[in-house]
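# Coordinate analysis (summary)
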Amino acid sequence: MVVAALAPYLVLSATLDPLLPIISKELGMSPGEAGLAEGLANAGYALGTVLSVQLAQHLPQRRMLIIYASILVIGSVLAASATEPVQFIVGHILQGLCTGLLLIAAVPPLVTGFPPTKLLPTAAILNLSIFGAVALGPLIAGIQADYHGWRPLFWVVTGIAVVALLLSLLTFQDVPPADPTATRSPIAVVLATAGCVAAFYGASQFLPHQSLDATALAPLIVGVALILVLLVQQYRARRPLLIVRPLTSTLPVAGIAVAMTAAASSLPAIALTSVVLRDRHSPLDLGLLFLPEFGGAVLAAIVFANLFTTRALHYFALAGMLSLIAGIALIAVSIPPGTIATLIGTGLIGIGVGATVTPALFIAGFSLRNAALQRVFAIIELLRAVAAFMITPILLYIAMTVGDSPADGAQTALWVCLGLAVGGTLLALAVYTLGGVRRPPSPAVQRWFTGEPAWDSPPLLAAIRRKSARRGPPSAGADPSA
């Protein structure tokens, strides 16, 4: 049920860019309207993660899941049957919003609602299904674009959404609200709504305008500022909607850094590679060049299944970042990349994504009680979505406007992707080192299922604090400047 609920939009998020020219031509959409459809759908996905947590506190959760799945079907039908731009834009926004809602409403209960023996296969299958769906996106887009069509894909997506709705009905168990006594947080919802809409709208206007004018830059800056205000407000709130303060210890911060930078570097890297190669290959051949990405995701899921409940989970995330760095570097070093370089590079990127994002989510989640998993996933997915979906159009804009040719611009943007991946890796390593984590802990899964954290995460900069404490204050009469 969860896979069927999440797969439709995840597939579309990886296939829409190559298909937008075909959709725009058939529906009479301008480039600005096409960018708006994609940008606001991504904003809906990010917003849905926050809104789902708020609704889950006060409304019956499984009933809401059925409502989300029903609206997902309606949005999918609207998009697939669209005859004019507004219908398509509304339908696609509903797809993004409902996927964000379903992610938080369905995934955490799936992880925590069964015995611990089910956790490992559940996490491994989810990892494979979710990132496998994204990795297959370029090939699916190539098949559709080769036949100059798009509606078959959208109708298949609609069928998967219908399956999700049927499974949510067949598996229905009435579940009460998570916490009816929880404080309602309209300020958090308003900040998340305004921030996501403004930021993603601004980012979506970079490509159509191909200039840094106020139409794109102002809403982007305002949106990012509002999301930062949301984080600060939730950190300071006495009874917050999102869990921010408990995540500010060593292991969650490192996990969030890995999840954000892996997403922010991998999605643009694949999109930029596609832009560079699309004039040299047919759509189908180009899609086949990205097939190793799916193979890499499968390989990562298999390894993840064997390491998930051991201390090697931390090293696995590090290996994933190194694989991601190697894949991006291999493609960026020679533009346009050759066939072998592209096949190896996309395979390494697939391994990198599969070995970083899900492990990073659990590195953060294991640091808190499992009852907090919904709120943990919500804040991480909000940040990951902002990092991934917002930076991609910006880097595509760089590729189109920087340098003497699109190839030069794409290479510059790929170096930025590489810098993000390297920076995220170094940041995570520094957080572990400064937190005094010499040997990463293994998760106590049984304890986690009893309501306690799976491990104790050291405070941020714990090693530095311990050194300062050992030195102690200066003795009386000593010169403080000495």
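Okay, so let's go over this structure. (Residues numbered from 1 in each chain as written. Predicted model: local features only at pLDDT ≥ 70, side-chain atom pairs only at ≥ 80, totals over all residues. Heavy atoms only, no water.)

## Concerning the overall build of the protein chain
When helices and strands are tallied, the protein chain shows 20 helices and zero strands. Against the globule reference of 23 Å for 482 residues, the protein chain gives a C-alpha radius of gyration of 22 Å, in line with a compact fold. Counting over 482 residues, the protein chain shows a buried share of 55%. Here the contacts in the protein chain between residues at least 6 apart in sequence split such that 82% fall between residues at least 24 apart. Roughly 19,500 Å² of accessible area belongs to the protein chain as shown, and the carbon and sulfur atoms make up 69% of that amount. The protein chain carries 24 positive and 18 negative side-chain charges, and their two centres are separated by 20 Å. (Helix = DSSP H or I, 4+ residues; strand = E, 2+ residues; numbered from the N terminus. Rg over C-alpha atoms; globule rule 2.2 N^0.38 Å. Buried < 20%, exposed > 50% of the residue type's maximum accessible area, 1.4 Å probe, protein only. Contact = heavy atoms within 4.5 Å. Areas by Shrake-Rupley, 256 points an atom, 1.4 Å probe, with all protein chains shown as cover. Lys, Arg positive; Asp, Glu negative; His and termini not counted. Charge placed at Lys NZ, Arg CZ, Asp CG, Glu CD.)

## Brief notes about the environment of S52
Turning to its location among the elements, S52 is positioned in helix 2 (residues 31-58). In this view, S52 contacts Y68, G100, L101, I104 and A105; residues no more than four positions away in its chain are not counted.

## Points about the pattern of salt bridges
Using the criterion set out here, one finds three salt bridges in the structure. Ionic pairing is found between D174 and R63, a salt bridge with its closest N-O pair at 2.6 Å. Taken as a pair, D174 in the loop between helix 7 (151-170) and helix 8 (186-204) and R63 in helix 3 (residues 61-80) lie far apart in primary sequence, 111 residues in all. A residue is classified by how much of its surface remains accessible, and R63, at 44% relative accessible area, is partly exposed. The partner of E381 in a salt bridge is R384, with the nearest N and O atoms 2.9 Å apart. On the criterion of helical spacing, the pair formed by E381 and R384 is a turn pair, its members being three residues apart in helix 17 (residues 373-401). As far as the burial class goes, E381 and R384 line up, both buried. (Salt bridge = Lys/Arg side-chain N within 4 Å of Asp/Glu carboxyl O.)

## Describing the side chain of T158
One can find T158 in helix 7. Accessibility expressed as a relative area gives 5% for T158, which makes it buried. Engagement of the side chain of T158 in a polar contact is seen with the backbone oxygen of F154, the distance being 2.8 Å. (Polar contact = N/O pair within 3.5 Å; in protein donor to acceptor, adjacent residues only side chain to side chain.)

## Notes on the packing of aromatic side chains
Within the structure shown, the criterion is met by 14 aromatic pairs. Seen from their ring centres, Y45 and F389 are 5.9 Å apart, and the 85° between their planes marks the pair as edge-to-face. A residue pair is termed long-range when its members are at least 10 positions apart, and Y45 in helix 2 and F389 in helix 17 qualify at 344 residues. Each member of the pair Y45 and F389 is classed as buried. Ring centres of W448 and F449 lie 5.5 Å apart, and the angle between their planes is 85°; this geometry places the pair in the edge-to-face category. (Phe/Tyr/Trp six-rings, centres within 6.5 Å; stacked < 30°, edge-to-face > 60°.)

## Regarding the nonpolar core
Grouped together as the largest cluster of nonpolar side chains are 133 residues, with contacts concentrated most on L119, F366 and I379. Here the element with the most residues in this core is helix 17; it accounts for 19 residues. Discounting residues that sit within four places of it in the chain, L119 has contacts with V111, F308, F362, F366, V445, W448 and F449. Within the second largest apolar cluster, 22 residues are counted, among which are L20, A79, W150 and L153. (Core = buried A, V, L, I, M, F, W, Y, C linked by side-chain atoms within 4.5 Å.)

## Some details on a positive patch on the surface
Residues R438, R466, K467, R470 and R471 make up a contiguous surface patch of positive charge. Here K467 is to be found in helix 20 (residues 462-471). Overall, K467 belongs to the partly exposed group, its relative accessible area being 46%. (Patch = residues over 30% accessible without salt bridge, like charges linked within 9 Å, V, L, I, M, F, W, Y side chains within 5 Å.)

## What to know about the side chain of E381
For E381, a relative accessible area of 4% corresponds to the buried category. Within the structure, E381 has its side chain in polar contact with the side chain of R384 (distance 2.9 Å). Beyond its immediate sequence surroundings of up to four residues, E381 is in contact with Y45, T49, L103 and L361.

## Here's the deal with the packing of helix 2 against helix 17
For any two helices packed against each other, one specifies the inter-axial angle together with the distance between the axes. Two elements in contact, helix 2 and helix 17, have axes separated by 8 Å at closest approach and are oriented at 170°. As summarised for this structure, helix 2 and helix 17 are arranged roughly antiparallel, according to the angle between their axes. Counted together, N42, Y45, A46, T49, V50, V53, A56 and Q57 of helix 2 and Q374, R375, A378, E381, L382, R384, A385 and F389 of helix 17 form the full contact between these two elements. Of the residues belonging to the contact of helix 2 with helix 17, the class tally is nine nonpolar, four polar and three charged. (Axes fitted to C-alpha atoms, helices over the stretch in contact; angles between N-to-C directions. Parallel < 35°, antiparallel > 145°, perpendicular 65-115°, else oblique. Nonpolar A, V, L, I, M, F, W, Y, C, P; charged D, E, K, R; others polar.)

## Here we look at a nonpolar patch on the surface
A contiguous nonpolar surface patch, about 380 Å² in accessible area, is contributed by V162, L166, L169 and L170. L170 gets classed as exposed once you look at its relative accessible area, which sits at 71%.

## Here's the deal with the packing of helix 1 (residues 2-27) against helix 6 (residues 137-146)
Relative orientation of the contacting elements helix 1 and helix 6 amounts to 30°, with a least axis distance of 8 Å. Overall, the two elements helix 1 and helix 6 adopt an arrangement that is roughly parallel. In terms of crossing hand, the pair formed by helix 1 and helix 6 is right-handed. Where helix 1 abuts helix 6, its residues V11, A14, T15, P18, L19 and I22 lie against G137, P138, I140, A141, Q144 and A145. Taken together, the residues of the contact of helix 1 with helix 6 break down into nine nonpolar, three polar and no charged. (Left-handed = near helix turned anticlockwise from the far one by under 90°.)

## Section: helix 8
Its 19 residues place the ends of helix 8 27 Å apart at the C-alpha level, agreeing with the 27 Å of an ideal helix rising 1.5 Å per residue. If you check which residues of helix 8 are buried, you get A188, V189, L191, A192, G195, C196, A198, A199, F200, G202, A203 and S204. (Expected span 1.5 Å × (residues − 1).)

## What to know about unusual backbone geometry
Across the chain, the bulk of peptide bonds are trans and the bulk of non-glycine residues have phi less than zero. Here I335 and P336 are connected by a cis peptide whose omega angle stands at 0°. With respect to the secondary-structure elements, P336 resides in the loop between helix 14 (312-332) and helix 15 (339-354). Non-glycine residue H148 carries a positive phi angle of around 55°. Along the chain, H148 falls in the loop between helix 6 and helix 7. Looking at H148, the relative accessible area reads 66%, which means it is exposed. Positioned with a positive phi, L461 is a non-glycine residue whose angle comes to about 60°. According to the relative accessible area criterion, L461 is partly exposed, its value standing at 39%.

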